Amino acid sequence: MAFDTIRYEMQEHILTIIFNRPEKLNAFSRELVHETIEAFQLADADDEVHLIVVTGAGRAFSAGYDISGGRDESERTPYNWRLHQRENLAFSLQPWQVSKPVIAMVNGYCLAGACEFALMCDLRVASDKATFGEPEIRFGAGAPILITPWIVGLTKAKELLYTGDTMDAHEALRCNMINKVVPHENLEEETRKLARRILKIAPENVRLTKQAINKTFEMMGLKHALEYNVEVVTIMENTDTEVQRTFNQIKQEKGLRAALDWRDARFKEE
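Residues numbered from 1 in each chain as written. Predicted model: local features only at pLDDT ≥ 70, side-chain atom pairs only at ≥ 80, totals over all residues. Heavy atoms only, no water.

Caption draft 1: Main features of the overall build of the protein. The secondary structure content of the protein amounts to 12 helices and 10 strands. The C-alpha radius of gyration of the protein comes to 18 Å, within 12% of the 18 Å expected for a compact globule of 270 residues. For the C-alpha atoms alone, the extent of the protein along its principal axes is close to 55 × 40 × 40 Å. By the burial criterion, 49% of the 270 residues in the protein qualify as buried. Once local pairs closer than 6 in sequence are excluded, the contacts in the protein between residues at least 24 apart make up 73%. Summing over all exposed atoms, the protein offers an accessible surface of approximately 13,500 Å²; the carbon and sulfur share of this is 52%. (Helix = DSSP H or I, 4+ residues; strand = E, 2+ residues; numbered from the N terminus. Rg over C-alpha atoms; globule rule 2.2 N^0.38 Å. Buried < 20%, exposed > 50% of the residue type's maximum accessible area, 1.4 Å probe, protein only. Contact = heavy atoms within 4.5 Å. Areas by Shrake-Rupley, 256 points an atom, 1.4 Å probe, with all protein chains shown as cover.)

Caption draft 2: Structural detail: the pattern of salt bridges. All told, the structure shown has 14 salt bridges when counted by the stated rule. Between Glu 9 and Arg 7 there is a salt bridge; the shortest N-O distance is 2.9 Å. Judged by its relative accessible area of 36%, Glu 9 is partly exposed. Classification of Arg 7 as partly exposed rests on a relative accessible area of 34%. Residue Asp 122 is joined to Lys 210 by a salt bridge in which the shortest nitrogen-to-oxygen separation is 3.0 Å. (Salt bridge = Lys/Arg side-chain N within 4 Å of Asp/Glu carboxyl O.)

Caption draft 3: Quick look at the packing of helix H2 (residues 78-92) against helix H10 (residues 222-237). Contact geometry of H2 with H10 gives a least axis separation of 9 Å together with a crossing angle of 140°. Relative to H10, the element H2 lies oblique. In terms of crossing hand, the pair formed by H2 and H10 is right-handed. Touching Pro 78, Trp 81, Arg 82, Gln 85, Arg 86 and Leu 89 of H2 are Leu 226, Glu 227, Val 230, Glu 231, Val 233, Thr 234 and Glu 237, all from H10. Class assignment of the residues belonging to the contact of H2 with H10 gives a composition of 6 nonpolar, 2 polar and 5 charged. (Axes fitted to C-alpha atoms, helices over the stretch in contact; angles between N-to-C directions. Parallel < 35°, antiparallel > 145°, perpendicular 65-115°, else oblique. Left-handed = near helix turned anticlockwise from the far one by under 90°. Nonpolar A, V, L, I, M, F, W, Y, C, P; charged D, E, K, R; others polar.)

Caption draft 4: Molecular detail of empty space enclosed by the protein. On inspection of all chains with the given rule, the structure shows 1 cavity of 30 Å³ or more. Empty space within the largest cavity amounts to approximately 40 Å³. Contributing to the lining of the largest cavity are Cys 115, Phe 132, Gly 133, Glu 134, Thr 148, Leu 160, Asp 165, Met 167 and Met 177. (1 Å grid on protein atoms, 1.4 Å probe; cavity = no way out; pocket = protein on both sides within 12 Å on 5 of 7 lines; lining within 4 Å. Points joined across faces, edges and corners; volume = space filled by probe spheres on them.)

Caption draft 5: Summary view of the nonpolar core. Grouped together as the largest cluster of nonpolar side chains are 53 residues, with contacts concentrated most on Phe 28, Ile 52, Phe 61, Phe 117, Phe 132 and Met 177. For Phe 117, the residues in contact, after removing those within four places along its chain, are Phe 19, Phe 28, Thr 36, Phe 40, Val 54, Phe 61, Phe 91, Ser 92 and Pro 95. Within the second largest apolar cluster, 12 residues are counted, among which are Ile 14, Leu 194, Ala 195 and Val 206. (Core = buried A, V, L, I, M, F, W, Y, C linked by side-chain atoms within 4.5 Å.)

Caption draft 6: The side chain of Ser 92, seen in detail. One can find Ser 92 in helix H2. Since its relative accessible area comes to 0%, Ser 92 is described here as buried. The residues touching Ser 92, leaving out its near neighbours within four places in the chain, are Tyr 65, Phe 117, Met 120 and Ile 145.

Caption draft 7: Quick look at the packing of aromatic side chains. If you walk through the whole model with that rule in mind, you get 11 aromatic pairs. Ring plane angle 80° and centroid distance 5.4 Å describe the contact between Phe 28 and Tyr 65, whose orientation is recorded as edge-to-face. Here the residue Phe 28 occupies a position in the loop between strand E2 (14-19) and helix H1 (30-45), and Tyr 65 occupies one in the loop between strand E4 (60-62) and H2, the gap between them amounting to 37 residues. The residues Phe 28 and Tyr 65 share a single accessibility class, namely buried. These aromatic residues form a ring-pair network of at least three members: Phe 19, Phe 28, Phe 40, Phe 61, Tyr 65, Phe 91 and Phe 117. (Phe/Tyr/Trp six-rings, centres within 6.5 Å; stacked < 30°, edge-to-face > 60°.)

Caption draft 8: Layout of the side chain of Ser 29. Residue position: Ser 29 is located in the loop between E2 and H1. With near-sequence residues (within four places) excluded, Ser 29 lies in contact with Thr 5, Arg 21 and Asp 66.

Caption draft 9: Region of the structure containing the sheet that holds strand E6 (residues 109-111). An order of E4-E6-E8-E9 is seen for the 4 strands of this open sheet, with the pairing classed as mixed. The open sheet has two edge strands with one neighbour each: E4 and strand E9 (166-168). Going across the sheet, the axis of each strand differs from the next one's by a mean of 20°, ignoring polarity. Both strand E8 (residues 131-133) and E9 contribute to a ladder of 3 bridges, which runs antiparallel. Looking at the pairing, Thr 131 lines up with Asp 168 of E9. The strands touched by helix H4 (residues 113-120) within the sheet are E4, E6 and E8, with E6 carrying the most contacts at an inclination of about 90°. (Pairing = 2+ DSSP bridges.)

Caption draft 10: Local environment of the layout of surface pockets. Of the pockets and cavities examined, the second largest pocket occupies roughly 570 Å³. In terms of lining, the second largest pocket is formed by 22 residues, of which the most central are Cys 121, Asp 122, Leu 123, Ile 213 and Asn 214. Taken together, the elements giving at least two residues each to the lining of the second largest pocket come down to H4, strand E7 (123-127), helix H5 (148-152) and helix H9 (203-219). The greatest single-element share of the lining of the second largest pocket, amounting to 6 residues, is contributed by H9. Grouping the constituent residues of the lining of the second largest pocket by class yields 15 nonpolar, 4 polar and 3 charged.

Here is the structure:
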């Protein structure tokens, strides 16, 4: 299957979807979002696919949504920004909605929208070099998919989302954010070992079990909460704050790297 920003690789009933923008730390461009949605839809319809692994090329799972450019004119109104956020929600719901089990194989940076995408997967295996976090609030944005409280619990979720702090894989394991941490060089081997264990179960039973578990959380209000967050993030993205103005000004004048350095310097300990 030919794509431009992802790779789609099949082996022994395991489909691996690889975010393939390593020069950009696999940041989620609009093209990558659209291609990933298409890939999950193809996988769901393919009876040869029994399990899906998602990972990133190079040294990152993904750094999150690509903010290297500015908004285009079609996204400048609150209405169109809301449509943009709804597309982000549809993208991040793909691992949740697909009938087959999905394992996130986290090989490095897993930040912002990418952290949320990984949390929407059924299981997560992380390299001991992986880094997790949702730093969006540090430059005036909000978490586009508010799945974190459902995974790590209320107290830790508020700490992470109020501060934008990041954590290593071992701390993520303690927070119930991932299933296991493995040595970086063994990541693929350990992920496929877990996948093969699941493949020993009748695929129909695994899919029905996933359906039942997910429906339980949806009856508890998960999807309604995610839908509500679209409205919150739309308001946040269109609220003029000093932090957001300064970040955008530095980005425009000196580039994204300088803006990120300014953001990070504000949070360094004295």
